[in-house]
Each structure stands twice: as structure tokens, then as C-alpha cells.
Amino acid sequence: MASPLQFAYRTQKAIGVFEAAPVYQHLGGFVKPEGNFRCTAYSPCGRFFGWANQESVTVVDASTGGVVLVLPLASVYELGFSPQGTFVITWERPSKDDAGDATKNLQIWRTVEEDDSGGNKRPIGQFVQKQQGSLNIQYTADEKYCARLVTNEVQFYESHDPGKVWNKLRVEGAAKFALAPGSENHAVAVFVPERKGQPAAVKVFNVPSFETPISQKTFFKGDKVQLKWNKRGSSLLVLAQTEVDRSGKSYYGETTLYLLSTNGAFDARVTLDKDGPIADVSWSPNSREFGVVYGYTPAKATIFSDRAVAKHSFPLAPRNTIQFSPNARFVLIGGFGNFVGQIDIFDLEKDYRKVCTIESGSPSVCAWSPDSRYLMTATTSPRLRVDNGVKIWHVSGPIMYHENMDELYNIEWRPAASENVAGGDSLSPVPTPHASAATYLGTVKTPSKPAGAYRPPGARGLATPLHFKREDEGGAAHVVSNNPQGAGPNGFGRPRRGVPGAELADSSPAARTVPGAEAVGDEGGKKNKKKRSKKVNQDGRAEVDPNGGASLAPYDNHAGASDRRSPERPGPANGYGRDHRGRSRNNGNNGHNGVSRSGSHLQHGQRFNAGSQNNYQANQGGAPVAQVPPEGADSAQNLKSKKVRSLQKKIRAIEDLEMRRAGGEKLEDTQIKKINTKADVLKELVVLEREF
């Protein structure tokens, strides 16, 4: 006999059990409790429903609403059941006993005792679990064994006696495990992340034959994984993810998908033909195919066989969720979260024909009913604290039921086995909607004009260029590159405009130069420009740099000797910068051989002789330029100055390392050795400063 559809919900102040189609009313025998509730849960078989509040844990019969179990536990925050509902698992906040030891906060209870002795119920198993989020205990489908993960091993217990370890699976570095759901064989998959340069691995073992794995897959780029078994337990999907995408294409890391069979006959990476992250993966209840939503928005959805062969691809759309109906006939592909909440439903038995598109708003819950006729969407808190409520849609598209709720925290269908649900065609006939559906449709405002992207007046009435269209609208495919052709240095927009006359960062065009001055592209001149010093030749006359020790700015005949640039002074001679000198022109009358005003025609290594100086003075018509006195100690003096500056730089670097060490930073051995040389460096610096 088919049981009616049912769902349960938890709001801020109440819990309700509601019978859906066709009656749409609250369960008659269920007394709605009120207060502050922390969690609710159905048993996977659908027999029981439980909740926890600040005083106790209560379990009721889901069919009648009668109370089955009450546990006087005041701090339970998570609740679960074994697959057949035989056992209840509770998780309390971690605490310590009087001796300072952690209390066993994960407890296992029998749902129905054989000899009920009143309130003297005791847990049949107790463990320590520090983190909340998922109960660290899993059962096989027949409830013969249960298992939990501890350091470097998975411990197995017989379900009726979880206080004694029955067997152990030793896997060094194990971080996650998953028991196969099928009852044909007992298998367990274990994940080991990357460590010390070794690749990550997923290994599948038969229970209790733990000597060698029956199937395994090793791979890199696997910091964490999702292990997804099919319903029969014959194949396993591994969705691997890294914390950081080293290519810089995504903020959320890289994702890869692998497929393994439990008999070891097949393992491979699932090939995806669109770049981008994997948004969702789901097995079909028939265990022979699975669906994947992947790629940059608009994403691509593809159905694969159980041998990772693509069978059908759906049109590109902004979607991130894929779910198969319990009877494996339909598949929904929806876009939730940052998307607008559109849901496309396809009929897999009718050549993947599209059945309908549902505009669901902004739901945070989307689930099939057990009979595959209805779809539930709900907006819950704390994701959204407004417009909380539930909507039930028929698979053909129309809305059947709607109810607004104040701060809805959780809602779920009552599970049911396939033999306990009504059969027949899911598409027809379409049942009569509840009155709340007509009321809801009356409040929905139909936009009179479809909203579109803003277009400037000059572009209105024209066709949209392809580079402004989405990929599913005929535009170009989305390409991510660290520096695409024609883009700026940050990967977006146009290249930065250059300053007229300035050097380009990535090219070396012909730049304007002063006649007789150094060429801009002379690498040797660039490297030696700051390192040149006055040298004394064999005749006692000083050498000068190619620019004559002065800037390339126009010569000032009226400047005094004290205003002229000294050959020993670094920096520009007349206050102008390097850019001004590089852009100056030779506007005056040149002497013979193209002598410029500043004498920059002299090349590096030439002697500054008296004849050339006289020609220079004759062309300028001004006072003679003061020559550099032939001091033989200039070269040695410059070497000492460089040595002093080098030692001062070392002292600053050592002081910086000392500050880092004082701040608690761990230094390398070479850095510590550098700090130990501080005394010798200071001593050498004092000696050089005295010589000055």
C-alpha cells in the first residue's frame, strides 16, 4: 500500500509534520511541539522522525505521530539514524569531565528497546567527536557493520555491539572514508591526501579483506574530495578539489573528476570538454549513468554512462545543480545561489525532451518527492530571512501548493522506498492545485516589458555585438588567460597608454636622442652610467664621461663657476632630471666634427685634450670651462666611498634581520650567519671612516 507524501519542517518556534498531495493538511496524530529546536531528521527508511530541543531528544512514528523514544539529553545539536532506523545517533557539544578528560559526546541508542524499562535507557556505544558537521559513524545498508575514522585507520564494529572493535583497516594518512550503500557487497573507500610530494590516492577495500585494495586511483591536485557511490555500490565517483588554483583562473581551486569500479576493472579520469570548475555531480538511481554540471558560466550539463562515455549534452545555461528523479526518468538542471532560480526538467525516456522550465525564485532547498511527481523548493534562514516558505510544483510545471513561514530553518521530504510509493505515469493526469497556489499566482507580478541590459542611445535598435553576448546566446566562448593578446598588464582592458617620448616597458622603439650623446639602447652605457668616475691617464690628465660630466641641457654662458656641475657631484647639474637631459636637442651652432655645446660627442675612453677644449670654447664664445685637477687619489677615494656604502648596506640588512628575529620569525641558517658577522662589518666600517 502506498503511503501519502509527507514533509517535515522546523521554524524558529515550532516543528510541523505535513501531509502533501492530495490532502495538504497536518498529520492528525502529531502534536506540534513549540519552543527552540536545534535539529530535526527523518530516518533513511522513513519510519521515524526525531528532533532535539534544550531539554530532550524525541523520536516519533512518522506514520501516526506517536512518541517512540524520549532521551533526557539537554545539549544535543545533531541527530541521525541508521539506514533501517534501528539506531539513533546523537552529538553533543564537547566538554570535559572532573578529571579533565574529554567526555564521550557521540552516543548510539536503540530506537526501540526489546524490554523497555522506563527511563533507564543507556547508550550502546559512546565515542569522542570534537567537530560538528557530520556524524563520524557510518553503517552498511543491512546494518551488519558500522565504522568510524580515527588516526590512520578505519575501525569497524558489529552494529549491535559498537563498544568493541571488530576489525581495523590501517591506512597511513587517511582523511576520509565512505561505505558502499549497496547490500550486495560490503566495500569501503578511503581517501589519502597529498603528502611529502606523494600523490593523493583513493583506495577501495572489501570488508573484511583489508590486505590489498580491490581498486585504487592516484592523482595530484587533490587536497580534499567528495566520495559519491552509486545506489548499487558498484562504482564510485571521486570529485577532487584543491584549495588554490595555481593557474590563477579561479578563486575556488581546481576540480577534477575520477570514476572507479569496485571490481577493479575500470578506473579513469572523466574527460570534460569545457574549461572551468565542476559545479555538481549526481548519480542516477539506476546506477548506470551520472550527470555533471561543469565549465564557466554559462555552464554545460552532460549525462555520462557508467564507463565515463558522454551520452547527451544539454544546452548551455547559467546552472549549477543537477538531480535525478527517484524513478530515474527525469533530471532537473537548476541555477541557485547567485543565479535566478530557473529549473529545467528533462524527460530521459523521451529522447531528453524538455518538459518545462520553472521560475522558482531564490530557493535554498530543491528536492524531488519520493514518487517523482512533485518538486519542492523552499527559501530558508539564515541564508535569506525574508520570503521564507515552501512551494510544491508538479513535474509538468504548474505550482500545487504554497505556504509562507516565519524563519524557516529546515524542510525535507519523508523518505520512502520505491515499493511504497504510487506508480503510474508521473506526467499525467495533472492533479488539482491547492487553493494556496491560486492565491500565490494572484500575487505574482508579470513584468509588462522584459528587462534587459542598459544600452546607450547610440546603440539602441542595433544588433548586439558578439563579444557582448553570452556563450549560450551565440557569443564567443569564455577564455581565461593571465595576459590575453591586446590586454593590459593586469589581464583586462586596453594596454596602458605610453607617455610621449618615454621608453616603452616591453619594446625598444627608436627614441629621440641628442646628436653625439649615448644611444638609448646602449646596454653597456646604461650599466656603466652610474659607475663612471674620473680616471687619471698616464699624462696626469683626467678622463671624462661621454656627456662631459654635465647634463645635455642648453649651456648657460652666464653661470658662474660655482653654479656649474662638479664632475664629482651625482645627479643633474642644473636641477633638471634625467628625462630632461634625454629629450634635450642640439639647437646651437656646432663646432667641427659635430661638437655639441656640452661636449657630449666624446666617446668613452677618449682623452679630453686641450685642442678639443679650445675648439669647444671658441664655438661657445664664453669663458673657459674649468678642468678637473689631475688628482691621482680620486680613483682610490671613489673605491673607498663605494666600500663604505657597501658596508653600510650590509649593516642595514643585518639590523633588519635582527628585528625579524626579535618579532618571533624563524630565520634560516644563512641569515643567522649573516647576523653573526655584524661585529666584523662594524669594525671594518670604522677603519674606513677614520681614513676619510
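Residues numbered from 1 in each chain as written. Predicted model: local features only at pLDDT ≥ 70, side-chain atom pairs only at ≥ 80, totals over all residues. Heavy atoms only, no water.

1. Notes on the sheet that holds strand β13 (residues 145-150)
An order of β12-β13-β14-β15 is seen for the 4 strands of this open sheet, with the pairing classed as antiparallel. Looking at the sheet topology across the chains shown, the edges are occupied by β12 (138-139) and β15 (167-170). Relative to β15, strand β14 (residues 153-158) runs antiparallel, the two being bridged by 4 bridges. Looking across to β15, one finds that Gln155 is bridged to Lys168. (Pairing = 2+ DSSP bridges. Helix = DSSP H or I, 4+ residues; strand = E, 2+ residues; numbered from the N terminus.)

2. Points about the pairing of strand β1 (residues 6-11)
Counting buried residues along β1, 6 of its 6 residues qualify, which places the element largely inside the surrounding structure. Residue alternation in β1 divides its side chains into two sets, Gln6, Ala8 and Arg10 and Phe7, Tyr9 and Thr11, and both sets are buried. Sheet topology places β1 next to strand β2 (residues 15-19); 5 bridges connect them, and they run antiparallel. Its bridge partner lying in β2, Arg10 is registered against Ile15. Joining the antiparallel neighbours β1 and β2 is a turn of 3 residues. Two strands pair when backbone bridges link them, and β1 and strand β36 (residues 408-413) are joined in this way by 5 bridges, in the antiparallel orientation. Bridge pairing links Ala8 to Glu412 in β36. (Buried < 20%, exposed > 50% of the residue type's maximum accessible area, 1.4 Å probe, protein only.)

3. Describing the nonpolar core
Phe7, Ala20, Tyr24, Tyr374, Ile392, Ile411 and Trp413 are the most contacted members of the largest nonpolar core, which totals 18 residues. Those elements that place two or more of their residues in this core are β1, β33 (374-379), β34 (389-394), β35 (399-404) and β36. Dropping the residues within four chain positions of it, Tyr24 is found in contact with Phe18, Glu19, Tyr374, Ile392, Met400, Tyr401 and His434. (Core = buried A, V, L, I, M, F, W, Y, C linked by side-chain atoms within 4.5 Å. Contact = heavy atoms within 4.5 Å.)

4. Side note on the sheet that holds strand β18 (residues 200-206)
Taken in spatial order, the 4 strands of this open sheet run β16-β17-β18-β19, and their pairing is antiparallel. On the outer flanks of this sheet lie β16 (176-179) and β19 (215-219), each paired with one strand and no other. Across the sheet, the axes of successive neighbouring strands diverge by a mean angle of 10°, strand direction being ignored. Of the pairings in the sheet, the one linking β18 to β19 comprises 5 bridges and is antiparallel in character. Within β19, the residue paired with Val202 across the bridge is Lys217. (Axes fitted to C-alpha atoms, helices over the stretch in contact; angles between N-to-C directions.)

5. Brief notes about the environment of Lys203
Within the element layout of this structure, Lys203 appears in strand β18. A residue is classified by how much of its surface remains accessible, and Lys203, at 26% relative accessible area, is partly exposed. Taking C-alpha positions, Lys203 is 5.6 Å from Ala189, a pair spaced 14 residues apart along the chain. Setting aside anything within four residues of it in sequence, one finds Lys203 in contact with Val188, Ala189, Val190, Pro213, Ser215 and Gln216.

6. Observations regarding the pattern of salt bridges
Taken as a whole, this structure holds 16 salt bridges when the rule is applied. Its salt-bridge partner being Arg329, residue Asp425 comes within 2.9 Å of it at the nearest N-O pair. Here Asp425, found in the loop between β36 and α1 (435-443), pairs with Arg329, found in the loop between β28 (321-324) and β29 (330-334); they are 96 residues apart in sequence, far enough to count as distant. As a salt-bridge pair, Asp371 and Arg373 come within 3.9 Å of each other at their nearest N and O atoms. Its relative accessible area of 11% is what places Asp371 among the buried residues. Beyond isolated ion pairs, a larger network of salt bridges with shared partners links Arg329, Asp347, Glu349 and Asp425. (Salt bridge = Lys/Arg side-chain N within 4 Å of Asp/Glu carboxyl O.)

7. Re helix α7 (residues 678-691)
Think of an α-helix as turning once every 3.6 residues; residues three or four places apart then point the same way. Between its terminal C-alpha atoms α7 stretches 20 Å, which fits the 20 Å expected from 14 residues at 1.5 Å a residue. By the burial criterion, the buried members of α7 are Val681, Leu685 and Leu688. Burial along α7 is one-sided: seen end-on, the buried residues are contained in an arc of 65°. Facing away from the buried surface of α7 by more than 90 degrees, the exposed residues are Ala679, Asp680, Lys683 and Arg690. (Expected span 1.5 Å × (residues − 1). Arc of directions from axis to C-beta.)

8. A word on the packing of aromatic side chains
The final tally for this structure, using the stated rule, is 17 aromatic pairs. Between Phe87 and Tyr139, the ring centres sit 5.7 Å apart and the planes meet at 15°, which makes this aromatic pair stacked. Taken as a pair, Phe87 in strand β9 (residues 87-92) and Tyr139 in strand β12 lie far apart in primary sequence, 52 residues in all. Assessed through its relative accessible area of 10%, Tyr139 is described here as buried. Centroid distance Phe314 to Tyr352: 6.1 Å. Interplanar angle 75°. Geometry classified as edge-to-face. Of this pair, Phe314 sits in the loop between β27 (310-313) and β28 while Tyr352 sits in the loop between β30 (342-347) and β31 (353-359), placing them 38 residues apart in sequence. Three or more aromatic residues joined by ring pairs form one cluster here, namely Phe7, Phe18, Tyr24, Tyr401 and Trp413. Residue placement shows Arg38 over the ring face of Tyr77; its charged tip is 4.3 Å from the ring centre. (Phe/Tyr/Trp six-rings, centres within 6.5 Å; stacked < 30°, edge-to-face > 60°. Lys NZ or Arg CZ within 6 Å of the ring centre and 35° of its normal.)

9. What about the environment of Asn676?
Within the secondary structure, Asn676 sits in helix α6 (residues 669-676). On the accessibility criterion, Asn676 (57% relative accessible area) is exposed. Separated by 22 residues in sequence, Asn676 and Ile654 place their C-alpha atoms 8.9 Å apart.

10. A few points about the confidence of the model for the protein chain
With 74% of its residues at a pLDDT of at least 70, the protein chain reaches an overall mean of 80. When mean pLDDT is taken per element in the protein chain, β28 scores highest with 97 and helix α4 (residues 610-620) scores lowest with 43. Contacts for the low-pLDDT stretch residues 507-513, under 50 throughout, to residues beyond four places or in other chains number 6 contacts. Segment residues 533-629 is flagged for pLDDT under 50; beyond a separation of four residues in sequence, or across chains, it makes 121 contacts in the model. (pLDDT = per-residue confidence, 0-100.)

11. Quick notes on unusual backbone geometry
In this chain, Ser381 is followed by Pro382 through a cis amide linkage whose omega measures 5°. Note that Pro382 resides in the loop between β33 and β34. Cis rather than trans, the peptide bond between Ser428 and Pro429 has omega equal to -5°. With respect to the helices and strands, the residue Pro429 is situated in the loop between β36 and α1. Although it is not a glycine, Glu143 adopts a positive phi angle of roughly 60°. Locating Glu143 in the fold gives a position in the loop between β12 and β13.

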